[in-house]
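In case you want the letters, here they are:
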Amino acid sequence: MARIAVDVMGTDQGPAEIVAGAVLAAEAGHDVVLVGREEVVEPDLNAIGADLPVVHAPEVVEMHDHPAKAVRDKPDSSVLTAARLVASHGADALVSAGSTGAAIAAASIVIGRIKGVLRPAIATPIPRPGKPVLLLDAGANLEVRPVHLLQFGVMGAQLAEIVYGIERPRVGLLNIGAERAKGRDVERSAFELLEEAPVNFVGNLEGGDIIGEVADVFVTDGFTGNVALKTIEAAAGLVARLIGRAFERLPEEVLPHIAAPMNEIREVIDPARYGGAHLVGTSASVVICHGSSSRRAIFNAIRLATEGVKGGLIERLEHGLVRS
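In this report, the structure presented in the accompanying data block is examined. (Residues numbered from 1 in each chain as written. Predicted model: local features only at pLDDT ≥ 70, side-chain atom pairs only at ≥ 80, totals over all residues. Heavy atoms only, no water.)

Some points on the overall build of the protein
Right, so step 1: Summing up its helical and strand segments, the protein has eleven helices and eleven strands in all.
Right, so step 2: Taking 2.2 N^0.38 as the reference for a compact globule, 324 residues should give roughly 20 Å; the C-alpha atoms of the protein span a radius of gyration of 20 Å, in line with that estimate.
Right, so step 3: Taken over the C-alpha atoms alone, the protein extends approximately 60 × 60 × 35 Å along its principal axes.
Right, so step 4: Going through the 324 residues of the protein one by one, you find that 51% of them count as buried.
Right, so step 5: For the protein, contacts bridging at least 24 residues in sequence account for 70% of all contacts bridging at least 6.
Right, so step 6: Of the side-chain charges in the protein, 30 are positive and 41 negative, and the distance between the mean point of each set is 4 Å. (Helix = DSSP H or I, 4+ residues; strand = E, 2+ residues; numbered from the N terminus. Rg over C-alpha atoms; globule rule 2.2 N^0.38 Å. Buried < 20%, exposed > 50% of the residue type's maximum accessible area, 1.4 Å probe, protein only. Contact = heavy atoms within 4.5 Å. Lys, Arg positive; Asp, Glu negative; His and termini not counted. Charge placed at Lys NZ, Arg CZ, Asp CG, Glu CD.)

Description of a negative patch on the surface
Right, so step 1: Taken together, the side chains of E38, E39, E42 and D51 present a region of like negative charge at the surface.
Right, so step 2: Locating E42 in the fold gives a position in helix α2 (residues 38-47).
Right, so step 3: Its relative accessible area of 32% is what places E42 among the partly exposed residues. (Patch = residues over 30% accessible without salt bridge, like charges linked within 9 Å, V, L, I, M, F, W, Y side chains within 5 Å. Areas by Shrake-Rupley, 256 points an atom, 1.4 Å probe, with all protein chains shown as cover. Salt bridge = Lys/Arg side-chain N within 4 Å of Asp/Glu carboxyl O.)

Remarks on the side chain of N200
Right, so step 1: Position of N200 among the secondary structure elements: in strand β8 (residues 200-205).
Right, so step 2: Residue N200 is classed as buried on the basis of its relative accessible area, which comes to 17%.
Right, so step 3: Within polar-contact distance, the side chain of N200 engages the backbone oxygen of R168 at 3.3 Å. (Polar contact = N/O pair within 3.5 Å; in protein donor to acceptor, adjacent residues only side chain to side chain.)

Points about a nonpolar patch on the surface
Right, so step 1: A cluster of nonpolar side chains, contributed by L142, F223 and V227, occupies part of the molecular surface with about 310 Å² of accessible area.
Right, so step 2: Within the secondary structure, L142 is located in the loop between β6 (133-136) and α6 (146-162).

As for the packing of helix α1 (residues 15-27) against α2
Right, so step 1: α2 packs onto α1 with a crossing angle of 55° between their chain directions and a minimal axis gap of 9 Å. When the interaxial angle is binned, α1 and α2 end up oblique. As for how α1 packs across α2, the hand of that crossing is right-handed. The segment α1 lies against α2, with P15, A16, V19 and V23 engaging V40, V41, D44 and L45.
Right, so step 2: Per-class residue counts for the contact of α1 with α2 are seven nonpolar, no polar and one charged. (Axes fitted to C-alpha atoms, helices over the stretch in contact; angles between N-to-C directions. Parallel < 35°, antiparallel > 145°, perpendicular 65-115°, else oblique. Left-handed = near helix turned anticlockwise from the far one by under 90°. Nonpolar A, V, L, I, M, F, W, Y, C, P; charged D, E, K, R; others polar.)

A few points about the nonpolar core
Right, so step 1: Judged by nonpolar contacts, the single largest core of 64 residues is most densely connected at L34, L45, V95 and I302.
Right, so step 2: Looking at this core, the element that brings in the most residues is α6, giving nine residues.
Right, so step 3: The residues contacting V95, other than those within four sequence positions of it, are I4, A5, V6, D7, V287, C289, A301, I302 and A305.
Right, so step 4: Listed in part, the 39 residues of the second largest apolar core include V35, A57, I122 and L205. (Core = buried A, V, L, I, M, F, W, Y, C linked by side-chain atoms within 4.5 Å.)

Notes on the sheet that holds strand β1 (residues 3-7)
Right, so step 1: On the basis of which strands lie adjacent, the open sheet formed by eleven strands has the order β3-β2-β1-β4-β11-β10-β5-β6-β9-β7-β8 and mixed pairing. Strands with a single pairing partner mark the edges of an open sheet, and in this sheet they are β3 (54-56) and β8. For this sheet the average axis-to-axis angle between neighbouring strands, irrespective of direction, equals 25°.
Right, so step 2: Note: strand β7 (residues 170-174) against β8, five bridges, orientation parallel. Residue pairing in the sheet places G172 in a bridge with G203 of β8.
Right, so step 3: Packed on one face of the sheet, α2 meets β2 (31-36) and β3 and runs near 160° to β3.
Right, so step 4: Its contacts with the sheet put α6 on β5 (121-126), β6, β7, β9 (217-219) and β10 (277-280), and the angle it makes with β9 is roughly 165°. (Pairing = 2+ DSSP bridges.)

Structural notes on the pattern of salt bridges
Right, so step 1: According to the stated counting rule, one finds 13 salt bridges in the structure shown.
Right, so step 2: For the salt bridge of E307 with R303, the shortest nitrogen-to-oxygen distance reads 3.1 Å. Taken together, the residues span about one helical turn, with E307 and R303 both in helix α10 (residues 295-310) at a distance of four residues.
Right, so step 3: Looking at E307, the relative accessible area reads 30%, which means it is partly exposed.

Topic: the pairing of strand β4 (residues 93-96)
Consecutive side chains along a regular strand alternate between the two faces of the sheet.
Right, so step 1: Side chains of β4 alternate between two faces, with A93 and V95 and L94 and S96 buried alike.
Right, so step 2: Pairing analysis gives four bridges linking β1 to β4, with the strands arranged parallel. Each residue of the ladder has a partner; that of V6, found in β4, is V95.

Focus: unusual backbone geometry
Most peptide bonds take the trans form, and the phi angle of most residues other than glycine is negative.
Right, so step 1: Residue L136 is joined to D137 through a cis peptide bond whose omega torsion reads 10°.
Right, so step 2: Structurally, the position occupied by D137 is in the loop between β6 and α6.
Right, so step 3: Of note, the phi angle at H89 is positive, near 70°, even though the residue is not glycine.
Right, so step 4: Looking at where H89 falls in the secondary structure, it is placed in the loop between α4 (78-87) and β4.
Right, so step 5: H89 sits in the exposed class, given a relative accessible area of 71%.
Right, so step 6: A positive phi is found at R168, a non-glycine position, where the angle reads about 45°.

Encoded structure:
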């Protein structure tokens, strides 16, 4: 069984919510080890009557800390301790809802990259009816070269197939127009590389296509991807609020008739449905969660990491990169 190391510290919601999500995962049959300050984690476990293994890590990387400096200055932080646990094979995967930058740095430095990978990338699942669409990079690499986008496309396609069960996933290059000559030099050169890659490349696609049905994987630089992701998240939040306000204005006798379809909409757009995003390119499965992740999101992030390990994600990525 895959053992998942969960970084408990440094989140917006606080350790108790992360612990609660990990307990839910353990109750569902997942093998979980918590990493953080024992004096904080143990009382949270006792409060809900749970017993999970805890690895003590006395230091915490806070959200305001500079990621690279924190990795240097806080060697006994929870995220670095969890990464070392994975690197030493004490765990098979890492889940963190703390500082994204610190998690990326810890994974890249301590766990290491897959041979041949130039840059790990955050592959974020965007909710839509049925299977999600993957957007990468969603923030790890603000500036990229064409070969990075090529690798993102190959790794994203493998991830879509292995973890999300999408057969022959369609890969699109995020651009400002569909024509071949659109975009900057980096996009035009990446287009040519992706055309020759062992992926189902469908060409240039625009931002409005991300939540459509024309592709399963969208490739872009981390700056553009993060802006697109935050915009989509804000739009989803607006839709959820509008649904809530609409419910408040409806007569009570109408509510039972529309509750099911409205809840279905909420479920589709709820980011907690997937829990987190794989950091593809590292030599072990790493899932990065939002800092405000709920216990349901943490539960699903642990499930996501487990599926990556059980599905042989790292080995498949290695094979796919060799072919490209």
